[in-house]
Amino acid sequence: MKHIAYIALGSNVGDRFAYLRDAVTALNKEECMSVLATSSVYETDPVGYVDQDCFLNMVIKVATSLSPFALLAVTMDIEKQFGRKREVRWGPRTLDLDILLYNHENIETEQLIIPHPRMFERAFVLIPLFEIDETLIIPSAQRPLRSYVEQLSDQGVRIWKKREAVEEQLLGKEGV
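1. Considerations on the pairing of strand β3 (residues 41–44)
(1) Moving on: With 4 bridges connecting them, β3 and strand β8 (residues 157–161) associate as antiparallel partners. When the sheet's bridge partners are listed, Y42 is paired in β8 with I159.
(2) Moving on: With 3 bridges joining them, β3 and strand β4 (residues 55–64) adopt antiparallel strand pairing. Opposite Y42, over in β4, you have N57 as the bridge partner.

2. Some details on the nonpolar core
(1) Moving on: Counting residues in each nonpolar core, the largest one holds 33 residues, and the members touching the most others are L9, M58, I60 and I78.
(2) Moving on: Looking at this core, the elements with two or more residues in it are β1 (3–11), α1 (16–29), β2 (33–38), β4, α2 (68–81), β5 (96–102) and α5 (163–171).
(3) Moving on: Sorting elements by how many residues they give to this core places α1 first, with 6 residues.
(4) Moving on: Contacts of I78, omitting those with residues within four sequence positions, involve A23, A26, L27, L95 and L97.

3. Here's the deal with the environment of A73
(1) Moving on: Turning to its location among the elements, A73 is positioned in helix α2.
(2) Moving on: A relative accessible area of 45% places A73 in the partly exposed class.

4. Structural notes on helix α3 (residues 123–132)
(1) Moving on: Among the 10 residues of α3, 8 are classified as buried, and the element is accordingly described as predominantly covered.
(2) Moving on: Among the residues of α3, A123, F124, V125, L126, P128, L129, F130 and I132 are the ones counted as buried.

5. Overview of the packing of α1 against α5
(1) Moving on: Viewed as axis vectors pointing N to C, α1 and α5 meet at an angle of 55°, and their least axial separation amounts to 10 Å. The angle between α1 and α5 places the two elements in the oblique class. Our pair here, α1 against α5, has a crossing hand that is right-handed. For the pair α1 and α5, the contacting residues are F17, R21, V24 and N28 in the first and Q169, L170 and L171 in the second.
(2) Moving on: Considered class by class, the residues forming the contact of α1 with α5 number 4 nonpolar, 2 polar and 1 charged.

6. Considerations on the packing of aromatic side chains
(1) Moving on: Scanning all chains against the criterion turns up 3 aromatic pairs.
(2) Moving on: Taken together, a centroid distance of 5.6 Å and an interplanar angle of 35° make the contact between F17 and W160 tilted. Note that F17 is positioned in helix α1 and W160 in strand β8, a separation of 143 residues in sequence.
(3) Moving on: Classification of W160 by relative accessible area gives partly exposed; the value is 38%.
(4) Moving on: With a centroid separation of 6.2 Å and an interplanar angle of 85°, the aromatic rings of Y19 and F82 are classed as edge-to-face. Of this pair, Y19 sits in helix α1 while F82 is found in the loop between α2 and β5, placing the two residues 63 residues apart along the sequence.
(5) Moving on: When its relative accessible area of 22% is taken as the criterion, Y19 is described as partly exposed.

7. Some details on the pattern of salt bridges
(1) Moving on: In total, this model carries 7 salt bridges according to the counting rule given.
(2) Moving on: Ionic pairing is found between E43 and R16, a salt bridge with its closest N-O pair at 2.9 Å. Taken as a pair, E43 in strand β3 and R16 in helix α1 lie far apart in primary sequence, 27 residues in all.
(3) Moving on: Through salt bridges that share partners, R16, E43, D45 and R158 make up one connected network.

What counts, and at which threshold
Residues numbered from 1 in each chain as written. Predicted model: local features only at pLDDT ≥ 70, side-chain atom pairs only at ≥ 80, totals over all residues. Heavy atoms only, no water. Pairing = 2+ DSSP bridges. Helix = DSSP H or I, 4+ residues; strand = E, 2+ residues; numbered from the N terminus. Core = buried A, V, L, I, M, F, W, Y, C linked by side-chain atoms within 4.5 Å. Buried < 20%, exposed > 50% of the residue type's maximum accessible area, 1.4 Å probe, protein only. Contact = heavy atoms within 4.5 Å. Axes fitted to C-alpha atoms, helices over the stretch in contact; angles between N-to-C directions. Parallel < 35°, antiparallel > 145°, perpendicular 65-115°, else oblique. Left-handed = near helix turned anticlockwise from the far one by under 90°. Nonpolar A, V, L, I, M, F, W, Y, C, P; charged D, E, K, R; others polar. Phe/Tyr/Trp six-rings, centres within 6.5 Å; stacked < 30°, edge-to-face > 60°. Salt bridge = Lys/Arg side-chain N within 4 Å of Asp/Glu carboxyl O.

Structure below.
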């Protein structure tokens, strides 16, 4: 598997952690994909449409042989399997999967924009991404990821389950 991608996961409907756990499991079961690392799970206040429950959010790092567009198709299919409905922009959802980064590529099409266009505005994305890889270089970024994280306001991001416990539960890794 020659490509590295980072995917953000979020849920604020029903058993939020079960949706995240089952999505990570589904991605890891894909023949052409392997989950390499997970962040901690964070509970976050809603952004945009605020009249909804808090989210659980995390980021995972995957190795894959899929193209970015095939990876998008897989993530959208998994969202559908878990009952994702796109009724309200930034509204409640069982599961949201966003491709943040794919190798060091810049992609801009109608279907897919990488790096994710709003990631620098979202603490619930940057904090878990930084947790996985503090030295990550993001294509088109004007400064290191660390400086973006240091400039974040609180934005209602709270640790919900620590990385070690998440990786042990989801990937069977101990003491990672």
